[in-house]
Amino acid sequence: MPAIEVKGLVKSYGNLRAVDGVDLCVEAGEVYCFLGPNGAGKTTTVEILEGYRRRDSGRVSVLGLDPESSGRTFREHIGIMLQESGLQPQLAVVEALDLYRHYYDHPRSVAELLDLVELTSSADVRIESLSGGQRRRLDLALALAGDPDLVFLDEPTTGFDPAARRGAWRTIQGLRSLGKTIFLTTHYMDEAQALADRVAVISGGKIVAEDSPDRIGGRDTTTSEIRFLLPEGVSAGDLPSLEQPSDDLPSLDPSLDRARQLDAELSIRGDAVVVHTNRPDLALYVLTSWSTSRGLELAGLTVSRPTLEDVYLALTEDDS
Amino acid sequence: MALDESQQQPTRTQQLQQQPQPVPQPSYQHQAQQQFQERRQQPSTITPERLRYRPVTSADIHLLGRQIRMEQLLLWRNKRAVIFTFMLPIAFLVFLGASNQGAHVSVLGKVSFDTFFVPGILAFSLVSTTYANLAMSIAVQREQGVLKRVRGTPLPPWIFFAGKVGATLINACLMVIIVLAVGRFGYHVMIRTATLPALVIDLIVGTACWSILGIAMSIAVTRAEGGSPIVTLPYIVLSFVSGVFYPAQAQPVWLQDLARAFPLEPFARSLEAAFNPGVAAPGFREVDILIMLGWIAVGTAISLRFFRWDRQRR
């Protein structure tokens, strides 16, 4: 049974349809990353799932319950890390943990929570004296205080330094290995890439793409870019022809148009050679056979596919 | 007002106890799966939370105790709130008394000024400890996102509010003791045993009224930083027209009538009646109490209808 199941979710504010027929399904035990620009309906959707907002129509099941009406039982099993911290600044870290863990029937211990987010040494510090990153880690600890089955993390690493971010990622991966379901929103594409089992992109109140981070938006099949420096003493005309691949190129179907299958386009930018192709493996084969037969080195060689960020920006163009 | 899910669903510990014996590594997933299945068997149409009655358990009372302790801790750690809620009324008590030594209030049948203003200050200080303190604390916590966070936990809302009000009532009791002690030993204002029941009832109704109004007023505060005039202005203005510091009878009649429509004047008058030796026992002022009860109804209705857990968006 999925941890979250949403069918035809609609929510309007006046004339604005903030969420316009969203379907999504999050399997138990996966890290599901929900991406979208501000104002695309992301927060509204998440807040409906968390039980903060009422929907206009659609079916919502979270841990088999309706978040709108299941109250205390529902909240017993979820953990929420909000974007705005929401902490009483006059409390010490350990006091806040002790306060919030008692709201749950089966909480984690304070020591365990401190350890989980590496705040043990700051246990007695007042929240008002914590750094932004430490505060965020305390937020995470509080979201986990009730040992929830499902954790909502809303931009969990905003304001973290790189080391702290890796630390948070390890914590999130640790939760995943415990079988927890994690519903994550973030503006950091590297975070989605590193953590998510699946990514959904919402734009204009609708889900425009949903897949694994490596496949979303056709990332795995779209054009790749090969780039290297033009070797010394070689002119552009000496490069092998990719537009007209020679007949001995393996793995291309001889009955089809060979140029179209490779679909390569070579250009020179300054002293760099840039090749766009659908089959980087074959283009590289042609290029490296050519260079090795001449004893040349392709310095600065890189092969890149569109990043998750490229795909995300293309998918959400209409929103910005 | 205890509201929640029925407790038919077995708790996690019960489930663990039912399980054969130490389940090794994958126990968590197995357990989670079991929970999912059990939840699935529940009817899909669940009665809205607020329509459900859930008896108050001893665990709830324990939670309430923790909330009250925490709210007390927060108040005493917030220096500005301490100064505002406690120091201000005490300062009024001391300076107003000193500047009117030996004066008499003729309109009340020639009682000493002290007997008039000590109950007035008592009313004022209780408004300040309950109304101003609750309104600001709730507004600030809404701004900070504390309310939203709390709403996302299983803590029942009634315990959250009861914790706040409970902590406030402790302060109110403290305030009553301070003011009455200063009145008794500083100004020789005696507590009359004959009107003691009236005094207690007046204190309870007035405190409840201004606590509810504090919760209701917190809704109007959209930016809580630096003490909001929306909260302080109404009761400061009211305290000048409601005969708290000086007898209201010197004011034009229309202003007296206007002040009577709000709950500070009735609160102060009813307390004063309990102290005024010229008023016969038992000293109840039923109309004043009814006016305050009316405001309790208004405050409750506003709070139930308009209370927000999150900051205003859009």
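Everything below is about the structure shown above.
Residues numbered from 1 in each chain as written. Chains lettered and ligands numbered in written order. Predicted model: local features only at pLDDT ≥ 70, side-chain atom pairs only at ≥ 80, totals over all residues. Heavy atoms only, no water.

### Considerations on the sheet that holds strand β11 (residues 265-269) of chain A
Residues and elements named next belong to chain A. The antiparallel open sheet is built from four strands, whose spatial order is β11-β12-β10-β13. The two strands at the open ends of the sheet, each matched to only one other strand, are β11 and β13 (302-304). Taking each pair of neighbouring strands and ignoring which way they run, the sheet shows an average axis angle of 20°. The strands touched by helix α9 (residues 280-294) are β10 (224-229), β12 (272-277) and β13; relative to β10, the strand with the most contacts, the crossing angle is about 25°. (Pairing = 2+ DSSP bridges. Helix = DSSP H or I, 4+ residues; strand = E, 2+ residues; numbered from the N terminus. Axes fitted to C-alpha atoms, helices over the stretch in contact; angles between N-to-C directions. Contact = heavy atoms within 4.5 Å.)

### Focus on the side chain of Thr168 of chain B
Note on placement: Thr168 of chain B falls in helix α7 (residues 157-187). Apart from residues lying up to four places away in sequence, Thr168 of chain B is in contact with Thr129, Thr130, Asn133 and Leu134 of chain B.

### Details of the environment of Val93 of chain A
Residues and elements named next belong to chain A. Relative to the elements of secondary structure, Val93 occurs in helix α3 (residues 93-101). Given a relative accessible area of 0%, Val93 falls into the buried group. Put simply, Val93 and Asp66 are 27 residues apart on the chain and 33 Å apart in space, counted from C-alpha to C-alpha. Setting aside its immediate chain neighbours within four residues, Val93 contacts Leu114, Ser122, Ala123, Val125, Ile127, Leu130 and Leu138. (Buried < 20%, exposed > 50% of the residue type's maximum accessible area, 1.4 Å probe, protein only.)

### Description of the state of the cysteines
Linking two cysteines covalently through their sulfur atoms gives a disulfide. Throughout the structure, instances matching the rule amount to zero disulfides over all chains. Cys209 of chain B takes part in no disulfide bond, and the closest cysteine sulfur to it belongs to Cys173 of chain B, at a distance of 17 Å. (Disulfide = S-S within 2.5 Å.)

### Quick look at the pattern of salt bridges
All names here are of chain A. Across all of its chains, the model carries 33 salt bridges over all chains by this definition. Between Arg176 and Asp197 there is a salt bridge, with its nearest N and O atoms 2.8 Å apart. Note that Arg176 is positioned in helix α6 (residues 162-177) and Asp197 in the loop between α7 (189-195) and β8 (198-203), a separation of 21 residues in sequence. Assessed through its relative accessible area of 24%, Asp197 is described here as partly exposed. (Salt bridge = Lys/Arg side-chain N within 4 Å of Asp/Glu carboxyl O.)

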